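# Chain and residue survey
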Amino acid sequence: MPILLLLFSFLFANESNTYWMKVNATNKYERSAVANTGAVIEVVKDDYIIVLGNNREKEIIEKLGFLDTSFLLPSSFYPPKDDDFHSYEEMVQALKDLQAAHSDISELSVIGKSLEGREIYKLRISTDLANASDKAGIAFMGAHHAREHLSKEVPLMLAEYILENFASDSRIQRMVEGRDIHIIPIVNPDGVIFDIKADRYRNWRKNRRPNKDGSIGVDLNRNYGFQWGTGGSSKSGRSDVFMGPKPFSEPETQAIKKFVEDNENINILLSFHTFSELILYPWGHTYNSISNEKDYLVHKTMAETMAKWNGYRPQQSSDLYIASGDTTDWSYGAHGIISFTFELDPATIWEGGFYPGQDFIDPTFRKNLEPCLYLIDMADNPYRSLQSKSQKLGFQHLQF
Ligand SMILES: [Zn+2]
């Protein structure tokens, strides 16, 4: 390896690696001094604490005179049995490689940074990129929730499929020419990294916000600013559905907010989650259905249509349980975007729940490809989905 590259990789490694530290902090003042370095206190005992932190934080703790022992944690990659999943670093590289191989019809950008400063990437696919905003837009996003690892593989594979089949498949070619496709595979990079960087999965859901009560994490899918905090979310930082101190308090949801506001041509949004095999549509914050009859029917009809391909169960989100502050209530409620949440494979916890194994990646993508292509096709006018039903419903002509 050339010296310069070696030097860079050394510097980079120091920046991004995480140390496990046993720290001799024995009272709240000493523990606060440790917390002020930015490191995360994981365990508090009477005579020591266990801390996770980067190289810089470790050095400060060392200077404070508190450090007992430390070792470098294995970096944030999947265990060998799940190696086909993409870590954050691998995802970034995959997106860069994909874009470079199809640079005439794709563009990679950063829509914002996570709380810990990681870049949130968006791949945009369209011909004539300079004027893509004039076309009908669609947004796909994954990994709002850290442990839902399949939810970032499916949007990546969708991007790969579209780009790799553009030249040979006339249907894909028409879609890329006629649409402005945005794909954000990882909304919550800090959480995704945290979930896999120990020697076992951590079952982590939220981002990595240090909360005022000493707990960690805001549920990004309860932090959106439409009917925020009106049920199915918690005011407690210790809860897995902590709504955050205010709507859009988190840099990750702020990034999505700005992205949607900056792209007024987006007509359809799909947010991938796992698991349960469901197709969900608004509302989540109320048991009422969408009051605009036509919009309600569009969501219902499209969900039922897509269910024929992936075999998932289509339903209004609140038929499961009330949940406020989620992405799709906001994207439909605040922007009128036809919005769906897919809860991907598997169906149950007995089949692996959040961790079904890498053998699920390919079949899960395959069964969701046609629903995704259908949404891209419909993005110019989602109300077209009602046309086959319009006679039955007695509509003379639908005004779009
Ligand atoms: Zn989720």
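Rules of the game
- Position numbers for residues start from 1 in each chain and track the written sequence from start to end.
- Where totals are concerned, whole chains, interfaces and linings use all residues; where local detail is concerned, this predicted model gives features only for residues with pLDDT of at least 70, and gives and counts side-chain atom pairs only at 80 or more.
- Numbering of helices and strands runs from the N terminus, with a helix taken as a DSSP run of H or I at least four residues long and a strand as a DSSP run of E at least two residues long.
- Each radius of gyration is computed over the set of C-alpha atoms, and the globule rule expresses the reference value as 2.2 Å times the number of residues to the power 0.38.
- A residue is called partly exposed when the number of other C-beta atoms within 10 Å of its own lies between 12 and 20, exposed at 12 or fewer, and buried at 20 or more, with C-beta atoms placed from the backbone.
- Remark: residues whose backbone-derived C-beta atoms lie within 7 Å of one another are considered to be in contact.
- The rule for pairing is simple: two strands pair if DSSP sees at least two bridges between them.
- Between the N-to-C directions of two axes lies an angle of 0 to 180 degrees, each axis being a line fitted to C-alpha atoms and, for a helix, fitted only over the stretch in contact.
- Each domain's extent was defined by an automatic or database domain assignment.
- Here the word oblique covers every angle except those under 35 degrees (roughly parallel), over 145 (roughly antiparallel) and from 65 to 115 (roughly perpendicular).
- A crossing counts as left-handed when the near helix is turned anticlockwise from the far one by less than a right angle, and as right-handed when that turn is clockwise.
- Under the grouping applied here, Gly and all other residues not named as nonpolar or charged are polar, the nonpolar ones being Ala, Val, Leu, Ile, Met, Phe, Trp, Tyr, Cys and Pro and the charged ones Asp, Glu, Lys and Arg.
- What pLDDT conveys is the predictor's confidence in a given residue, as a value from 0 to 100.

Regarding its fold elements, the protein presents 12 helices and 12 strands. For a compact globule of 400 residues, the expected C-alpha radius of gyration is about 21 Å, and the protein comes in at 22 Å, within 12% of that figure. Across its three principal directions, the C-alpha atoms of the protein cover 80 × 50 × 40 Å. Within the protein, the proportion of its 400 residues that are buried is 44%. Relative to all contacts within the protein whose residues are 6 or more apart in sequence, the contacts with residues 24 or more apart total 71%.

This paragraph deals with the sheet that holds strand E1 (residues 19-23). With antiparallel pairing, 4 strands are arranged side by side in an open sheet as E2-E3-E1-E4. This sheet does not close on itself; its edge strands, each paired only once, are strand E2 (40-44) and strand E4 (67-72). Ignoring which end each strand starts from, the neighbouring axes of this sheet average 20° apart. As judged from the 5 bridges shared by E1 and E4, these two strands associate in the antiparallel manner.

As assigned here, the protein comprises domain 1 (3-72) and domain 2 (80-389). On a C-alpha basis, the centroid separation for the pair domain 1 and domain 2 is 34 Å.

Let's shift gears to the sheet that holds strand E10 (residues 278-281). A sheet is described by the order of its strands in space; here 8 strands give the open sequence E5-E6-E8-E7-E9-E12-E10-E11, paired in mixed fashion. With partners counted over all chains shown, the strands left at the sheet margins are strand E5 (106-113) and strand E11 (313-316), one partner each. Averaged over all pairs of adjacent strands, the angle between strand axes in this sheet comes to 20°, irrespective of strand direction. Summarising the sheet, strand E7 (residues 136-141) and strand E9 (residues 266-274) pair through 5 bridges and their orientation is parallel. Looking at E9, one finds that Gly137 is bridged to Ile266. In this fold helix H4 (residues 88-101) packs onto E5 and strand E6 (119-125), with an angle of close to 150° to the strand it touches most, E5. Across the sheet, helix H8 (residues 251-262) lies against E5, E6 and E9, angled at about 135° from E5, the strand it touches most.

Turning our attention to the environment of Asp83. The residue Asp83 is located in the loop between E4 and H4 in this model. When the 12 C-beta atoms within 10 Å are taken as the criterion, Asp83 is described as exposed. The spatial distance from the C-alpha of Asp83 to the C-alpha of Phe272 is 21 Å, given a sequence separation of 189 residues. In this structure, Asp83 is in contact with Tyr78 and Gln358, ignoring residues within four places of it in sequence.

What follows is about the environment of Gly311. With respect to the helices, strands and loops of the structure, Gly311 is situated in the loop between helix H9 (293-310) and E11. On the basis of neighbour counts, which here come to 10 C-beta atoms within 10 Å, the residue Gly311 falls in the exposed class. A C-alpha to C-alpha distance of 31 Å links Gly311 and Phe259, two positions 52 residues apart in sequence.

Once that is clear, we can look at the packing of H4 against helix H5 (residues 150-165). Look at H4 against H5: their axes get within 11 Å of each other, and the N-to-C directions meet at 10°. As summarised for this structure, H4 and H5 are arranged roughly parallel, according to the angle between their axes. Between H4 and H5 the crossing geometry is left-handed. On H5, the residues touching Met91, Ala94 and Leu98 of H4 are Lys152, Leu156, Ala159, Glu160 and Leu163. Considering only residue class, the contact of H4 with H5 consists of 6 nonpolar, no polar and 2 charged.

Moving on, we come to the pairing of E2. Where E2 and strand E3 (residues 49-53) come together, 4 bridges link them in antiparallel fashion. Paired with Val43 across the two strands is Ile50, which belongs to E3. Between E2 and the antiparallel strand that follows it, E3, lie 4 residues.

This prediction gives the protein a mean pLDDT of 91; 92% of its residues lie at or above 70. The model gives residues 1-16 a pLDDT under 50, and that stretch makes 2 contacts with residues more than four places away or in other chains. Every residue in residues 390-400 scores below 50 in pLDDT, and together they form 7 contacts with partners more than four places removed in sequence or on other chains.

For the bond from Pro282 to Trp283, the omega torsion is 5°, close enough to zero to count as cis. Omega for the peptide link from Asp345 to Pro346 comes to -10°, which places this bond in the cis form. Residues other than glycine seldom take positive phi values, yet Ala143 does so here, at roughly 55°. Within the secondary structure layout, Ala143 lies in the loop between E7 and H5. Unlike most non-glycine residues, Ser276 shows phi in positive territory, near 135°. Among the structural elements, Ser276 can be located in the loop between E9 and E10.

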